[in-house]
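# Close look at the chain arrangement
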Amino acid sequence: MPIVVVVGGQWGDEGKGRIVDLLARKARVVARYSAGNNAGHTIVNERGEFKLHLVPAGIFYPDKTCVIGNGVAVDPEVLLDEITNLQEKGIDTSRLVVSDRAQVIMPWHKELDRLDEAMRGDAAIGTTGKGVGPCFVDKVARRGIRVADLLRPEDLNPRVETALEYQNRVITGVYGGEPIDMSECIEKYHQLGLRLAPYVGDAQAVVLDAHRRGDTVLLEGAQGSLLDLDHGTYPYVTSSVPSSSSSGAGLGVGIGPTAIQRVVGVFKSYSTRVGNGPFPTELFDSTAERLRDHGKEFGRGEYGTTTGRPRRIGWLDAVSSRYSVRFNGLSALALTRLDVLDGLETIKICTGYELDGKVVDTLPARQSVLERVRPIYEEMPGWTDATSEVRNFDDLPKAAQAFIRRVEQLLECPVDLISVGPSREQAIIVNPIF
Ligand code: GDP
Ligand code: IMO
Ligand code: MG
C-alpha cells in the first residue's frame, strides 16, 4: 500500500484538511511533515467543525495513528491547547505521536517574528506572526531547541542558555526590544515538556514501520507550493518546504523519495492568498467580494483560519498552478470549492502572462517582474444549478464539466477528486486516488 502526499498547490488554504479528512478513511497513519501553527486546516465531519493548526486531520478516526513529523515547528503551548480542545469534544488523542526531532517554537521566535515584520515596514511579508520563520532560521543556524530537549533539564537548560543569550542580544541590540527572562523561560518550557512527554516518540519509526507493514500512510501538507521556500514567490514565502519537491515531504517525516507513490495536489477552483506578495490574477471588484463572502453567514467565508485576515481573491491562475503541478510531480488534482463558483455568469482562467508586450507561460523568478505581469484570461460560461449535492461527475452542469476538463488540460494533470462543499461527504470521486 502506498505513501500518499497531499500538498497545497497554490498559496495555501486550498482545503487540504478537508481532503485529508476524506482520504484518511483508507489510511493507517496520517502525518504532518512541515510548517507549524501558521497552518489552519478546517475539517467538517460528523463530529462537528474543527480548525486544526498542528494535529493531523486523521485524528477524527479512532483507528489512525497521527504523527507530527521532524519537519514541523511545534509550539508546545498551542499543541497542548489543541489536544485539550479535541479531548473536550470527545476526540481520542492517545494515538498522536510527536517527533522527538521536531523543532520547538520558543518565546523569542514569536518576538522576533513580530519585531522583524515591524522593521521591514512596507516590505513586510505579512507572516502569521506565530514565530515559525525565526524557528526555522534557528534550525538551520543549528541553534534550535528540539522536542527531545524539552524532556530533561540537563538537555534543556544549556541549550536555552546558549540560544537565549544570543537572541536577547539580537532582540535588544538589533531591534531595540525587551529581553526575555532566562529562568522564567526555562521553567515554563520544562513544565510544557513534562505535559507533552506522553506524546513524544520516534515518529520516523512509526512511519517507516507502517510502510514496511504495507499500510497506507498519508502525508498532510501545510501551506501551498507557491509559498515554498525554494519554488515559491520568494521572498514572499514561508520558511519551510511545503511542496513534495526536493522531497520536502520525505524530509519532514524521515523517509526516502522512493517510498512515495502518489502526490495529490489540492487546488481551489479559483485562487486566494493571505499576506503580502505578488498575485497576478488578484481581483478587487464585486466578484472578489462575492467569492470571499460565500458562506460567510456560517463563518465559512475566505478569511484566514489562523489569523482571521480577509484572504485576497483572484481567478484560477493556470500559469503558476501548472508550475506547481510540475515541480511537485503531481499524480492527481483534488479541485475544491467548485460550489463557490455556482451562479457566476462567466468564469475566467489565466492562461498566460503579458510582460512588456510578450506572452509568458512560466512563473518569472524575479519578484519585481512578477509584480508587473498582467494576466491573459480565457473566459468560460458559468452555470446556474447548485453543485453542492452532486456526487457524480456526469450529474454536474455541463459548463462545470467543461471547466474541470479545461483545468485538467491547462494544468496537465487529471482531476481525480472534486469537492463541492466543506463536509466530508460533499465530494465527487472521479478516480479513486488509492
Ligand atoms: P487548508 O488550510 O488547505 O486546510 O484550508 P482552510 O481550512 O484554511 O480553508 C479552506 C476552507 O474551505 C475551509 O473553510 C473549508 O471548510 C472550506 N472548504 C473546503 N472544501 C470546500 C468546498 O468544496 N466547498 C466549500 N464551500 N468550502 C470548502
Ligand atoms: P495552511 O496550511 C495560507 C503565509 C502567510 C504569509 C507567509 C509567511 O492553512 O494552508 P509565515 O507565518 O509562514 O512566516 O508567513 O505565508 N502562510 C499561509 N497562508 N495558509 C497557510 O497555511 C499559511 N501559512 C503561512 O500569510 O504570507
Ligand atoms: Mg488554512
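Just so we're clear, the structure is a prediction, and the values are computed from it rather than from any experiment.

Reading the values: rules and limits
- Residues numbered from 1 in each chain as written.
- Chains lettered and ligands numbered in written order.
- Predicted model: local features only at pLDDT ≥ 70, side-chain atom pairs only at ≥ 80, totals over all residues.
- Heavy atoms only, no water.
- Helix = DSSP H or I, 4+ residues; strand = E, 2+ residues; numbered from the N terminus.
- Expected span 1.5 Å × (residues − 1).
- Buried < 20%, exposed > 50% of the residue type's maximum accessible area, 1.4 Å probe, protein only.
- Phe/Tyr/Trp six-rings, centres within 6.5 Å; stacked < 30°, edge-to-face > 60°.
- Donors = N, O, S within 2.8 Å, 3.2 Å for Na, K, Ca; no water.
- Pairing = 2+ DSSP bridges.
- Contact = heavy atoms within 4.5 Å.
- Near = heavy atom within 4 Å.
- Polar contact = N/O pair within 3.5 Å; in protein donor to acceptor, adjacent residues only side chain to side chain.
- Areas by Shrake-Rupley, 256 points an atom, 1.4 Å probe, with all protein chains shown as cover.
- Nonpolar A, V, L, I, M, F, W, Y, C, P; charged D, E, K, R; others polar.

## Comments concerning helix H13 (residues 398–411)
Taking 1.5 Å as the rise per residue, H13 with 14 residues should run 20 Å; its terminal C-alpha atoms sit 20 Å apart, in good agreement. Looking only at H13, the buried set comprises Ala-399, Ala-400, Gln-401, Phe-403, Ile-404, Val-407, Glu-408, Leu-410 and Leu-411. A positive phi of about 60° marks Glu-412, the residue just after H13.

## As for the packing of aromatic side chains
The relation between two aromatic rings is expressed through the spacing of the ring centres and the mutual angle of the planes. A full pass over the atoms with the stated rule returns 4 aromatic pairs. Relative to Phe-327, the ring of Tyr-323 has its centre 4.8 Å away and its plane inclined at 65°; by these criteria the two rings are edge-to-face. Here the residue Tyr-323 and the residue Phe-327 both occupy positions in helix H11 (residues 318–328), the gap between them amounting to 4 residues, near one helical turn. The interplanar angle of 50° and the centroid separation of 6.2 Å between the aromatic rings of Trp-383 and Phe-403 together place this pair among those described as tilted.

## Considering the coordination of the magnesium ion (ligand 3)
Distances from the magnesium ion (ligand 3) to its protein donors, Asp-13 (OD) and Gly-40 (O), fall at 2.0 to 2.2 Å. Placement of the pair is Asp-13 in the loop between strand S1 (3–8) and helix H1 (16–23) and Gly-40 in the loop between strand S2 (29–32) and strand S3 (41–45), with a sequence separation of 27 residues.

## Quick word on the sheet that holds S1
Ordered by their spatial adjacency, 10 strands build an open sheet running S9-S7-S5-S2-S10-S1-S11-S15-S19-S20, and the pairing between neighbours is mixed. Bordering the open sheet on either side are strand S9 (200–201) and strand S20 (427–429), each of which pairs with just one other strand. With 5 bridges connecting them, strand S11 (residues 260–268) and strand S15 (residues 332–336) associate as parallel partners. Residue pairing for S15: Phe-267 is matched across the bridge by Leu-335.

## A closer look at the pairing of S2
In S2, alternate side chains face the same way, and those of Val-29 and Ala-31 on one face and Val-30 and Arg-32 on the other are all buried. For S2 and strand S5 (residues 65–68), the ladder comprises 4 bridges, and the chain directions are parallel. Paired with Ala-31 across the two strands is Val-67, which belongs to S5. For S2 and strand S10 (residues 217–220), the ladder comprises 4 bridges, and the chain directions are parallel. What sits directly across from Val-29, in S10, is Val-217.

## Brief notes about helix H7 (residues 182–196)
Residues spaced three or four apart along an α-helix face the same direction, because each turn holds 3.6 residues. Taking 1.5 Å of rise per residue, the 15 residues of H7 would be expected to cover 21 Å, and the 21 Å separating its terminal C-alpha atoms lies within 8% of that figure. Where H7 is buried, its residues touch helix H2 (76–88), strand S8 (103–104), helix H3 (107–120), helix H5 (147–150), helix H6 (153–174) and S9.

## A closer look at the site of ligand 1
Every one of the 19 residues lining ligand 1 counts as a neighbour, but Lys-16, Thr-42, Arg-337, Asp-339 and Ser-419 are closest to it. Backbone polar atom of Gly-40 to an oxygen atom of ligand 1: 2.8 Å apart, as the coordinates give it. Within the contact set of ligand 1, an oxygen atom lies 2.5 Å away from a side-chain nitrogen or oxygen of Ser-419. Look at ligand 1: alone it shows 580 Å² of surface, and the protein chains cover 96% of it. No other element matches the 3 residues that H1 contributes to the shell around ligand 1. In terms of residue class, the shell around ligand 1 is built from 3 nonpolar, 9 polar and 7 charged.

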